[in-house]
Amino acid sequence: MKHMVPRQAELDTPCLVLDVDQLEDNLRRMQHLASDAGKDLRPHAKTHKCSALCAKQVEMGAIGVCAAKVSEADALVRAGIGGILITGPVVTAAKLARLMKLVRQSPDLTVVVDSPDGVAQLDRALDEAGLAMQVLIDLDVGLGRTGVKPDRSQVLVNSVHSSLRLTLRGVQAYAGHVQHIPSLIQRADQSDAALRPAVNLYRALQTGIPSCTVFSASGTGTHSMDLGVPEITELQVGSYALMDAEYLAIEADGEPFRPALRLLTTVVSVDHGRHVTVDAGLKSLYRDGGAPRVIKGGGPDLIYDWFGDEYGRISHSGHGLLPDLGARLEIVVSHCDPTVNLFDRYHVIQNGRVVDEWPIDLRGCSQ
Ligand SMILES: Cc1ncc(COP(=O)(O)O)c(C=O)c1O
């Protein structure tokens, strides 16, 4: 806070700015959508990696947040955030030992499981620590990354159900493979097909296991469809808060969420004919997802491309003017999650003024 400059135009670049009005619009809108549909919101913190932003989401009505990894959950617990769901299976002694410490501090912590072996490891760790915890069955609904296929989940369900240390709270079904399908209709069709076996399994579990009351699912790309699935009880959307070029490139259901996150970069070299060079390269703009969008500091036809670790190349799609030396550009990043992980802080801005600085305190938490 000591080094905070009052105006966005004075921020040194490259840096990340977060437009607080646009951010709050996004948060409010998703919270209203979920609440109006009778669903809970448990947004994913892996997107923004910022406990101050989690606190805002909770303040607006979220029941907690999701974490991708134990180390992210650790940082969130330290920041006083409750209602955490770890959305990936936790195996190996080091991770389980860390998890046990967290369960002791935050007894409502929930984790997903996706194998009977994993359940046995977790059960043993809890037994040795004298603890108990709640779990969700992670269902693989087509992404093939983690989870058990719904039609092969019975052994896993039995192993959780027979444990004295574990309470089966429900299922998680994240259809990551459909989130960025460009056509809304195709996305809806594929999402429906992907979720159907999970829905059937959840219904069956609910009839036999009273503690089974949670169906956690969704991402920004399918949130509007998932709101209409009666079995889904909570949305674990992430990118809607910040947004990125990858999500802006697909067909939205209504107005897209607003690109609250921008990368600021400066033109540092100009005498190159058809392009100029800016000070943001691979180390500040992660290369994944949609083409970055230059939204301020030049015409709409400017194109960003990576130019090594430290630099980017700005060219023009037509014959228009290139920005001058020292010009400052605002860029919507390709993929928000990995880009955020390259920075220590967000400069929080409002009407061109820097009003706060939020540490990206989950940065580098990949264990
Ligand atoms: C398990 C899980 N849930 C939810 C999300 C949030 O998805 P999105 O950022 O598309 O909203 C992600 C993102 O990758 C995820 O991995």
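Heads up: the structure comes first, above all this text.
Residues numbered from 1 in each chain as written. Predicted model: local features only at pLDDT ≥ 70, side-chain atom pairs only at ≥ 80, totals over all residues.

**Student:** So what exactly am I meant to see when it comes to the overall build of the chain here?
**Tutor:** Counting its secondary structure elements, the chain contains 10 helices and 17 strands. On the principal axes, the C-alpha backbone points of the chain span a range of 70 × 45 × 35 Å. Counting only residues that meet the buried cut, the chain has 47% of its 367 residues in that class. Contacts in the chain between residues at least 24 apart in sequence constitute 68% of all its contacts with a sequence separation of at least 6. (Helix = DSSP H or I, 4+ residues; strand = E, 2+ residues; numbered from the N terminus. Buried ≥ 20, exposed ≤ 12 C-beta atoms within 10 Å, placed from the backbone. Contact = placed C-beta atoms within 7 Å.)

**Student:** So what exactly am I meant to see when it comes to the nonpolar core here?
**Tutor:** Buried together is how nonpolar side chains tend to be arranged in soluble globular proteins. If you look at the biggest cluster of nonpolar residues, it comprises 102 residues, and the most contacted ones within it are Leu-76 and Ile-84. At seven residues, helix 7 (residues 184-208) tops the list of elements feeding residues into this core. Those residues in contact with Leu-76 that sit more than four places away from it in its chain are Ala-45, Ser-51, Cys-54, Val-65, Ala-67, Ile-81 and Ile-84. (Core = buried A, V, L, I, M, F, W, Y, C linked by C-beta atoms within 7 Å.)

**Student:** Any chance you could explain the sheet that holds strand 8 (residues 214-217) here in plain terms?
**Tutor:** Sheets are built from strands that pair by backbone hydrogen bonding, the pairs being arranged parallel or antiparallel. The strand order across the open sheet formed by eight strands is 2-9-8-7-6-5-4-3, and the pairing between neighbours is parallel. Taken across any chain shown, the strands that pair with only one partner, and hence form the sheet edges, are strand 2 (40-41) and strand 3 (65-67). With two bridges joining them, strand 2 and strand 9 (residues 234-235) adopt parallel strand pairing. Residue pairing across strands places Leu-41 opposite Leu-235, the latter belonging to strand 9. (Pairing = 2+ DSSP bridges.)

**Student:** So what exactly am I meant to see when it comes to the site of the ligand here?
**Tutor:** Contacts to the ligand come from 14 residues, most closely from Tyr-174, Gly-219, Thr-220, Gly-238 and Ser-239. Class assignment of the residues belonging to the shell around the ligand gives a composition of three nonpolar, 11 polar and no charged. (Near = placed C-beta within 6 Å. Nonpolar A, V, L, I, M, F, W, Y, C, P; charged D, E, K, R; others polar.)

**Student:** How should I be thinking about helix 6 (residues 154-161) in this particular structure?
**Tutor:** Within an α-helix, residues lying three or four positions from one another point in the same direction, as the helix has 3.6 residues per turn. All of the buried residues along helix 6 are Leu-156, Val-157 and Val-160. Taken end-on, helix 6 shows its buried residues confined to a sector of 100°, consistent with a single buried face. The exposed residues of helix 6 that point more than 90 degrees off its buried face are Gln-154, Val-155 and Asn-158. Where helix 6 is buried, its residues touch strand 5 (110-113), helix 5 (116-129), strand 6 (133-138), strand 7 (166-173) and helix 7. (Arc of directions from axis to C-beta.)

**Student:** In this structure, what is going on with the environment of Arg-274? I would like to understand it.
**Tutor:** Structurally, the position occupied by Arg-274 is in the loop between strand 10 (261-269) and strand 11 (275-278). Each C-alpha atom of the pair Arg-274 and Gln-172 lies 50 Å from the other, and the pair is 102 residues apart in sequence.

**Student:** Hey, could you run me through the packing of helix 3 (residues 70-78) against helix 4 (residues 93-105) in this one?
**Tutor:** Helix packing geometry: the angle between the two helix axes and the distance between the axes. Where helix 3 meets helix 4, the axes come as close as 10 Å, and the angle between the chain directions of the two elements is 25°. By the angle between their axes, helix 3 is roughly parallel relative to helix 4. Here helix 3 runs over helix 4; the crossing is left-handed. Here Val-70, Ala-73, Asp-74 and Val-77 of helix 3 lie close against helix 4, whose contacting residues are Lys-95, Arg-98, Leu-99, Leu-102 and Gln-105. Grouping the amino acids of the contact of helix 3 with helix 4 by side-chain chemistry returns five nonpolar, one polar and three charged. (Axes fitted to C-alpha atoms, helices over the stretch in contact; angles between N-to-C directions. Parallel < 35°, antiparallel > 145°, perpendicular 65-115°, else oblique. Left-handed = near helix turned anticlockwise from the far one by under 90°.)

**Student:** For this particular structure, what's the right way to read the environment of Ser-159?
**Tutor:** With respect to the helices, strands and loops of the structure, Ser-159 is situated in helix 6. Note: C-alpha distance between Ser-159 and Val-141 (18 residues apart in sequence) is 21 Å.

**Student:** What's the story with the pairing of strand 13 (residues 302-306) in this structure? I'm lost.
**Tutor:** Where a strand is regular, its side chains alternate between the two sheet faces. Across five bridges, strand 13 lies against strand 14 (residues 312-316) in antiparallel orientation. Note that in strand 14 the partner of Leu-302 across the bridge is His-316. Hairpin connection of strand 13 to strand 14: five residues between the antiparallel strands, including Gly-308 at a positive phi of 95°.

**Student:** Is there a simple way to explain the pairing of strand 16 (residues 345-350) in this structure?
**Tutor:** In the sheet, strand 1 (residues 15-19) pairs with strand 16 via four bridges, with the strands oriented parallel. Following the sheet pairing, Asp-19 is matched in strand 16 by Ile-349. By the bridge criterion, six bridges tie strand 16 to strand 17 (residues 353-359) in an arrangement that is antiparallel. By the bridge assignment for strand 17, His-347 is matched with Glu-357.

**Student:** Is there a simple way to think about the environment of Leu-41 in this case?
**Tutor:** Among the secondary structure elements, Leu-41 is positioned in strand 2. Distance from Leu-41 to Met-30, taken between C-alpha atoms, is 8.2 Å for residues 11 residues apart in sequence. Those residues in contact with Leu-41 that sit more than four places away from it in its chain are Met-30, Gln-31, Ala-34, Gly-61, Ala-62, Ile-63, Glu-234 and Leu-235.

**Student:** Where do I start with unusual backbone geometry in this structure?
**Tutor:** As a rule of thumb, non-glycine residues mostly have phi less than zero, and peptide bonds are mostly trans rather than cis. Here Thr-13 and Pro-14 are connected by a cis peptide whose omega angle stands at 0°. Backbone geometry places Lys-49, a non-glycine residue, at a positive phi of 50°. Here Lys-49 is to be found in the loop between strand 2 and helix 2 (51-59). One non-glycine residue, Ser-218, adopts positive backbone phi at about 95°. Within the secondary structure, Ser-218 sits in the loop between strand 8 and helix 8 (223-226).

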